[in-house]
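What follows is the residue order along each chain.
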Amino acid sequence: MNRHERPVRNRLNGDVLWYKDAVIYQLHVKSFFDADGDGVGDFKGLTQKLDYIASLGVNTIWLLPFYPSPRRDDGYDISDYRGISSQYGDIDDFQAFVDAAHGLGIRVVVELVVNHTSDEHPWFQRARRAPAGSPERDYYVWSDTDDKFAETRIIFVDTEKSNWSWDPVAKAYYWHRFYSHQPDLNYRNPEVVEELLDTMRFWLDKGVDGFRLDAIPHLVEREHTDNENLPETHALLKHIRKKLERKHPDVILLAEANLWQQEAREYFGEGDECHMAFHFPLMPRMFMAIAKESAKPIKTILRQTLSIPDECQWAIFLRNHDELTLEMVTEAERNFLWETYAADKRARLNLGIRRRLSPLMGQDRRRIELLHMLLLSLPGSPVLYYGDEIGMGDNIDLGDRDGVRTPMQWSDRENAGFSQAAPPKLALPVITDPQFSYAAINVAEQDDDPHSLLNWIRQTLRLRAEHAAFGRGSMRFLKTDNDSVLAYLRECRDDIILCAANLSKTSQAVRIDLPDMQGLVPVELTGETMFPAIGRQRYSLTFQPYAYFWFKLTNNGAATS
Ligand code: NOJ
């Protein structure tokens, strides 16, 4: 049965631009909820927890890889693109989950690792045994020497010494941009392109609403280049978009392209490549802004990325399942951020920091809220990482990036209420260190507390959802006389929101230039408190440390026209 035939109680709105208003919740099936008690989260468990996800006020779920995989890169090493890892359930469980999510008005974006497979994928096993030059061998990128493509950087600098690895069966080197067990697919081979399209159609028939395309700058290679962002890669994305969109005009492609803003922007094409792209350079600059108590890092980077094709949208984020990557900063900035947020060197991985949001902020509620206010009001669709809504901690003693992928903390019961299995059977251990232990930090506890971070996030997402300006509005930075205060307007027709945030650890006063807003009355959104009308002078505000405001600008308390 395909997506159009299934009798689904589908509460999705039919808007093809739905992703502009998306609030995305990113999660790992493995770590969310274990329904069958084997210690590993599963689709049945996730489906049971959909009401919780809906209660947050998010409207889109992004699933980390759930495909069969040897899991040497936690599923980013796929061995079958059309299956479900047996630990997570089966295809019927997946279907039931998608249908239930749609029934609640929640869309589902799935991870698709397009650049590489696992070396256990049957394509690779076939390729290494096939004769050199054969169509089967040609699914991957081979060379007789390991000095080809010498201009290409290594990404996993802590583990890999070369992008080539020797395969004793093929008696040749194969190309890999990530771990050596992740051979890169050869997109110069049209059969590989067709395989990818077939994979996408397979999941579209199950009803998925979009694909996060992993590592797309590296899709196509060419000699004497750095093998990133080649025109051939862009041509391939345009081709994929064209092929999919006729039948599925509401399906999105979300680019994972960890690049400087000008290059990342190119993944929108002329509105004919990806619908969305992660804004990697903005992320570290939000952390930089509060560390330096200055609005400049955010303003500078955003000014360069405000103009994108009308139908495209940035995906903005604070944390995710990877290390907080510091690739898109200068070396001096990286050292500063490392010193500030990862003084303990065990927290550093590759060019980043493997910590969750709350530990990064020293569990300081004011800074956690402030960062969320930025995330939820700067241009783009925000992505929230599971567990950060309750201020979960991490475990830097676990290997690789596992420390930020531990089980969701549902309650103070055994295994944090995540699973009924014996603790050693858990996919990853729950957090038990006293400061972040599940005994203290869990959903049940925060559900009951009107002042909890969880309930604050719910309330803030509700407010955001009432204003089209956040997802769809224009963005204008406002001049102030205080560099510690970031002030900007988000405007969508008569919905005008003034956002102002004190990035400093001390109290601040500011005067904001609002030349064309004279006579309007700011109404603070959370309490609906009217503030003094905007007059001829610059508008004055005072702030506690790390405080913020969202104001609706009204005609004397009523909506503007
Ligand atoms: C980016 C993903 O976010 C990361 O988790 C993964 O290890 C690499 N791509 C390789 O697939």
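> Is there a simple way to explain the overall build of the chain in this structure?
Helices and strands together make up the secondary structure of the chain, namely 16 helices and 22 strands. For a compact globule of 561 residues, the expected C-alpha radius of gyration is about 24 Å, and the chain comes in at 24 Å, within 12% of that figure. Buried positions account for 63% of the 561 residues belonging to the chain. Surface exposure of the chain reaches about 21400 Å², of which carbon and sulfur atoms provide 48%. Distance between charge centres in the chain, computed from 66 positive and 84 negative side chains, equals 3 Å.

> Looking at this structure, I do not really get the site of the ligand. What am I missing?
Taken together, the residues surrounding the ligand are D73, Y76, H116, F156, F178, R212, D214, E256, H321, D322, R401 and R405. The separation between an oxygen atom of the ligand and a polar side-chain atom of D73 is 2.7 Å. With respect to the ligand, the side chain of H116 contributes an N or O atom lying 2.9 Å from an oxygen atom. Protein contact buries 97% of the 300 Å² of open area that the ligand shows by itself. A breakdown of the residues in the shell around the ligand according to their chemical character gives three nonpolar, two polar and seven charged.

> Where do I start with the sheet that holds strand β4 (residues 142-143) in this structure?
In sheet architecture, strand pairing relies on hydrogen bonds along the backbone and comes in two forms, parallel and antiparallel. On the basis of which strands lie adjacent, the open sheet formed by three strands has the order β4-β6-β5 and antiparallel pairing. A strand with exactly one partner marks an edge of an open sheet, and here the two such strands are β4 and β5 (164-167). With four bridges joining them, β5 and strand β6 (residues 172-175) adopt antiparallel strand pairing. Note on β6: the bridge partner recorded for S165 is Y174.

> Which parts of the structure should I look at to understand the domain arrangement of the chain?
Accessible area lost on assembly of the parts is the figure often given for the size of an interface. Annotation of the chain at the domain level lists domain 1 (122-175) and domain 2 (474-554). The gap between the C-alpha centroids of domain 1 and domain 2 is 55 Å.

> How should I be thinking about the environment of F211 in this particular structure?
Summarising the element assignment, F211 is placed in strand β7 (residues 210-213). A sequence separation of 101 residues divides F211 from V110, and the C-alpha atoms of the two residues are 5.0 Å apart. Residues in contact with F211, not counting those within four places in the same chain, are V109, V110, L112, M200, W203, L204, V251, I252, L253 and L254.

> Teacher, can you tell me more about unusual backbone geometry here?
Residues other than glycine predominantly adopt negative phi, and peptide bonds predominantly adopt the trans conformation. Here K171, not a glycine, exhibits a phi torsion of approximately 55 degrees, which is positive. With respect to the helices and strands, K171 occurs in the loop between β5 and β6. With relative accessibility at 60%, the residue K171 sits in the exposed group. Notably, A215 is not glycine yet its phi reads approximately 55 degrees, a positive angle. By the element assignment, A215 lies in the loop between β7 and α7 (231-245). A relative accessible area of 1% means that A215 is categorised as buried.

> What is the right way to look at the packing of helix α9 (residues 282-292) against helix α10 (residues 296-303) in this model?
Between α9 and α10, the shortest axis-to-axis distance is 7 Å and the interhelical angle comes to 160 degrees. For the element pair α9 / α10, the angle class is roughly antiparallel. Here L282, R285, M286, M288 and A289 of α9 lie close against α10, whose contacting residues are P297, I298, I301 and L302.

> Hey, could you run me through the side chain of R128 in this one?
In this structure, R128 sits in helix α5 (residues 122-129). When near neighbours in sequence (up to four residues on either side) are disregarded, R128 contacts R137, W142, D167, V169 and A170.

> Which parts of the structure should I look at to understand the pattern of salt bridges?
Pairing between side chains of opposite charge can happen when the charged atoms of each approach one another. In the structure shown here, the tally under the stated rule is 41 salt bridges. Among the salt bridges present, the one from R285 reaches E333, with a minimum N-O distance of 3.5 Å. Highlighted residues: R285 in helix α9 and E333 in helix α11 (residues 331-341), separated in sequence by 48 residues. Close ionic contact of D481 with R511 constitutes a salt bridge, the shortest N to O distance being 3.0 Å. Residue D481 is located in the loop between β15 (474-477) and β16 (485-492), and its partner R511 is located in strand β18 (residues 508-512); the two are separated by 30 residues in the primary sequence. Take D481: its relative accessible area is 37%, and that puts it in the partly exposed class. A relative accessible area of 40% means that R511 is categorised as partly exposed. Overlapping salt bridges bring together K30, R71, D73, D74, D322, D400, R401 and R405 as one network.

> Even after reading the chapter, I still don't get the sheet that holds strand β10 (residues 313-317), so can you show me in this structure?
If you walk around this closed barrel you meet the eight strands as β1-β2-β3-β7-β8-β9-β10-β14, and the pairing is parallel. Taken pair by pair, the neighbouring strands of this sheet meet at an average axis angle of 25 degrees, ignoring direction. As judged from the four bridges shared by strand β1 (residues 24-27) and strand β2 (residues 60-63), these two strands associate in the parallel manner. Directly across from Q26, in β2, lies its bridge partner W62.

> Explain the packing of helix α13 (residues 365-377) against helix α15 (residues 453-465) to me, please; I cannot follow it from the model alone.
For any two helices packed against each other, the geometry comes down to the angle between their axes and how far apart the axes lie. Relative to each other, α13 and α15 sit at 20 degrees, their axes nearing to 11 Å. When the axis of α13 is compared with that of α15, the two are roughly parallel. Where α13 crosses over α15, the two elements pack in a sense that is right-handed. Contact residues: R365, I368, E369, H372, M373 and L376 in α13; L453, W456, I457, T460, L461 and R464 in α15. Residues of the contact of α13 with α15, tallied by class, amount to seven nonpolar, two polar and three charged.

> Honestly, the side chain of N227 in this entry has me stumped. Any pointers?
As for its position among the elements, N227 is in the loop between β7 and α7. A polar contact is formed between the side chain of N227 and the side chain of T152, at a distance of 3.0 Å. Looking at N227, its side chain comes within polar contact range of the main-chain nitrogen of R222, at 2.7 Å. In this structure N227 touches F149, T152, W175, R177, P217, H218, V220, E221 and R222, once residues within four positions along its chain are discounted.

What counts, and where the lines are drawn
- Numbering of residues starts from 1 in every chain and runs along the sequence as written.
- Residues qualify for local features only when their pLDDT is at least 70, as the model is predicted, and side-chain atom pairs are given and counted only at 80 or more; totals for whole chains, interfaces and linings, by contrast, use all residues.
- Note that water and hydrogens are dropped before the side-chain values are worked out from all heavy atoms of the structure.
- The helix count covers DSSP runs of H or I at least four residues long, the strand count covers runs of E at least two residues long, and both are numbered beginning at the N terminus.
- Only the C-alpha atoms count toward the radius of gyration. The rule for a globule is 2.2 Å times the residue count to the power 0.38.
- The buried label goes to any residue with under 20% of its type's maximum accessible area, the exposed label to any with over 50%, and the partly exposed label to all in between, with areas taken from a 1.4 Å probe on protein chains only.
- Areas reported here follow the Shrake-Rupley algorithm with a probe of radius 1.4 Å; residue values treat only the protein chains shown as occluding.
- His is not counted, nor are the chain ends; Lys and Arg add positive charge and Asp and Glu add negative charge.
- For this purpose, a charge sits on NZ of Lys, CZ of Arg, CG of Asp or CD of Glu.
- We call a residue near a molecule or strand when any one of its heavy atoms sits within 4 Å of it.
- What qualifies as a polar contact is a pair of N or O atoms within 3.5 Å, subject to a donor-acceptor requirement within protein and to the restriction that residues adjacent in sequence count only when both atoms come from side chains.
- Just so you know the grouping, Ala, Val, Leu, Ile, Met, Phe, Trp, Tyr, Cys and Pro go in nonpolar, Asp, Glu, Lys and Arg go in charged, and all remaining residues, Gly too, go in polar.
- When DSSP finds two or more bridges between two strands, those strands count as paired.
- For the domain bounds, the source is a domain assignment made automatically or taken from a database.
- Only heavy atoms matter for contacts: two residues are in contact if any of them lie within 4.5 Å across the pair.
- Comment: axis = line fitted to C-alpha atoms, over the contacting stretch for helices; angle = value between 0 and 180 degrees taken between N-to-C directions.
- Relative orientations are named as follows: roughly parallel for angles under 35 degrees, roughly antiparallel for angles over 145 degrees, roughly perpendicular for angles from 65 to 115 degrees, and oblique for any other angle.
- Any Lys or Arg side-chain nitrogen found within 4 Å of a carboxyl oxygen on Asp or Glu counts as a salt bridge.
- A crossing counts as left-handed when the near helix is turned anticlockwise from the far one by less than a right angle, and as right-handed when that turn is clockwise.

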